[in-house]
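The chain contents come next:
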Amino acid sequence: GESVGLHLPTLSVQEGDNSIINCAYSNSASDYFIWYKQESGKGPQFIIDIRSNMDKRQGQRVTVLLNKTVKHLSLQIAATQPGDSAVYFCAEIAAGYSTLTFGKGTMLLVSP
Amino acid sequence: GAVVSQHPSWVICKSGTSVKIECRSLDFQATTMFWYRQFPKQSLMLMATSNEGSKATYEQGVEKDKFLINHASLTLSTLTVTSAHPEDSSFYICSASTPGQIGNQPQHFGDGTRLSIL
């Protein structure tokens, strides 16, 4: 299930389940979106990206969906594994800019 | 490719001292480097953007005299936390980018520096 902690929402799943992590963004000028995985004590690791002219993009075991109408982004992880346990952040870049704006993050906990 | 290295990975020091953190792009030339700060269970917040050979651009609310950034070469940027105090304790992360976006990623991140001020 999903719970909201003091600062970081947490999603707990069983190994083998599919996970869906959601992100809302507010800048309608954002045209490029990225999902990052951050393990404890490490920097963010690129997972997958999507441009605003697409609504879906697939990678290995991951799919990103973009709904520009409601400014919503999701990351789907298929057959979640214990190694997927980490904090996941969405990030956005506005057209013409180079700076990333990170979302609040979701902690994914995968139980064996 | 596109490896970014930060040093040190962890530092503890006394209040009032200055601490320097290095960020190096190991296998590419980084025209732009970014410095972020992350508190526990929170997101990354951009502190400043630095372009090689020019002054850094600081985000609103970040004291430029407190957080000195130098980007003197295409492979090295440093962040110096001057007269550090316990409230400066945080996880500092750098990233680097270059025109043409190696691997189509806009920024390549280091593994962060955990700074603890006693």
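Cut-offs and rules
- Residues numbered from 1 in each chain as written.
- Chains lettered and ligands numbered in written order.
- Predicted model: local features only at pLDDT ≥ 70, side-chain atom pairs only at ≥ 80, totals over all residues.
- Heavy atoms only, no water.
- Salt bridge = Lys/Arg side-chain N within 4 Å of Asp/Glu carboxyl O.
- Helix = DSSP H or I, 4+ residues; strand = E, 2+ residues; numbered from the N terminus.
- Buried < 20%, exposed > 50% of the residue type's maximum accessible area, 1.4 Å probe, protein only.
- Contact = heavy atoms within 4.5 Å.
- Core = buried A, V, L, I, M, F, W, Y, C linked by side-chain atoms within 4.5 Å.
- Phe/Tyr/Trp six-rings, centres within 6.5 Å; stacked < 30°, edge-to-face > 60°.
- Lys NZ or Arg CZ within 6 Å of the ring centre and 35° of its normal.
- Pairing = 2+ DSSP bridges.
- Axes fitted to C-alpha atoms, helices over the stretch in contact; angles between N-to-C directions.
- Patch = residues over 30% accessible without salt bridge, like charges linked within 9 Å, V, L, I, M, F, W, Y side chains within 5 Å.
- Areas by Shrake-Rupley, 256 points an atom, 1.4 Å probe, with all protein chains shown as cover.

J.: Before we move on, could you go through the pattern of salt bridges and cite the residues and values that matter?
T.: Evaluated as defined, the whole model comprises four salt bridges over all chains. Two residues, D84 of chain A and R61 of chain A, come together in a salt bridge whose shortest N-O distance is 2.9 Å. Taken together, the residues D84 of chain A in the loop between β8 (72–77) and β9 (86–94) and R61 of chain A in the loop between β6 (56–58) and β7 (62–67) connect sequence positions 23 residues apart. Using a relative accessible area of 7% as the deciding quantity, one classes D84 of chain A as buried. K66 of chain B is the partner of D88 of chain B in a salt bridge, and the nearest nitrogen-oxygen pair spans 2.8 Å.

J.: Hey, could you go over the environment of D31 of chain A for me, with residue numbers and the actual values?
T.: Residue and element names in this part refer to chain A. Its location among the elements puts D31 in strand β4 (residues 30–38). For the pair D31 and L73, spaced 42 residues apart in sequence, the C-alpha separation works out to 12 Å. Setting aside residues up to four positions removed in sequence, D31 forms contacts with I50, R51, S52, I93, A94 and A95.

J.: Give a description of the nonpolar core that names residues and reports values.
T.: It is characteristic of soluble globular proteins that their nonpolar side chains tend to be buried jointly. One finds W35, L79, Y92 and L115 of chain B to be the most contacted residues of the largest nonpolar core, which totals 24 residues. Counting residues per element, the ones that place at least two in this core are β2 (10–13), β3 (19–25), β4 (32–38), β5 (45–51), β7 (67–73), β8 (76–81), β9 (90–97) and β11 (113–117) of chain B. If we skip the residues at most four places from it in the chain, L79 of chain B touches V19, K20, I21, W35, F67, L68, I69 and Y92 of chain B. If you look at the next biggest cluster of nonpolar residues, it comprises 20 residues, including C23, I50, I77 and V110 of chain A.

J.: How would you explain the packing of aromatic side chains if you had to name every residue and give the values?
T.: Two measures describe an aromatic ring pair: the distance that separates the ring centres and the angle between the ring planes. Taken as a whole, this structure holds nine aromatic pairs over all chains when the rule is applied. Centre to centre, the rings of Y36 of chain A and F46 of chain A are 6.5 Å apart; their planes meet at 85 degrees, and the pair counts as edge-to-face. A residue pair is termed long-range when its members are at least 10 positions apart, and Y36 of chain A in strand β4 and F46 of chain A in strand β5 (residues 45–51) qualify at ten residues. Note on F102 of chain A and F109 of chain B: the rings are 6.0 Å apart at their centroids and 80 degrees apart in plane angle, and the pair reads as edge-to-face. With F102 of chain A in strand β10 (residues 101–102) and F109 of chain B in strand β10 (residues 108–109), the pair connects residues from two separate chains. The residues F102 of chain A and F109 of chain B share a single accessibility class, namely buried. Members of the aromatic cluster, joined through ring pairs, are Y36, F46, F89 and F102 of chain A together with Y36 and F109 of chain B. A cation over a ring is seen here: R51 of chain A above Y32 of chain A, with NZ or CZ 4.2 Å from the ring centre.

J.: Lay out the sheet that holds β3 of chain B with the relevant residues and their values.
T.: Residue and element names in this part refer to chain B. Overall, antiparallel pairing links the four strands, which are arranged β1-β3-β8-β7 in an open sheet. The open sheet terminates on both sides in strands that have one partner only, identified here as β1 (4–7) and β7. Adjacent strand axes in the sheet meet at a mean angle of 15 degrees when their direction is disregarded.

J.: Can you tell me about a nonpolar patch on the surface, naming the residues and giving the values?
T.: A contiguous nonpolar surface patch, about 390 Å² in accessible area, is contributed by W10, I12 and L118 of chain B. Relative to the assigned elements, L118 of chain B resides in the segment after β11.

Purely geometric numbers; function is a separate question.
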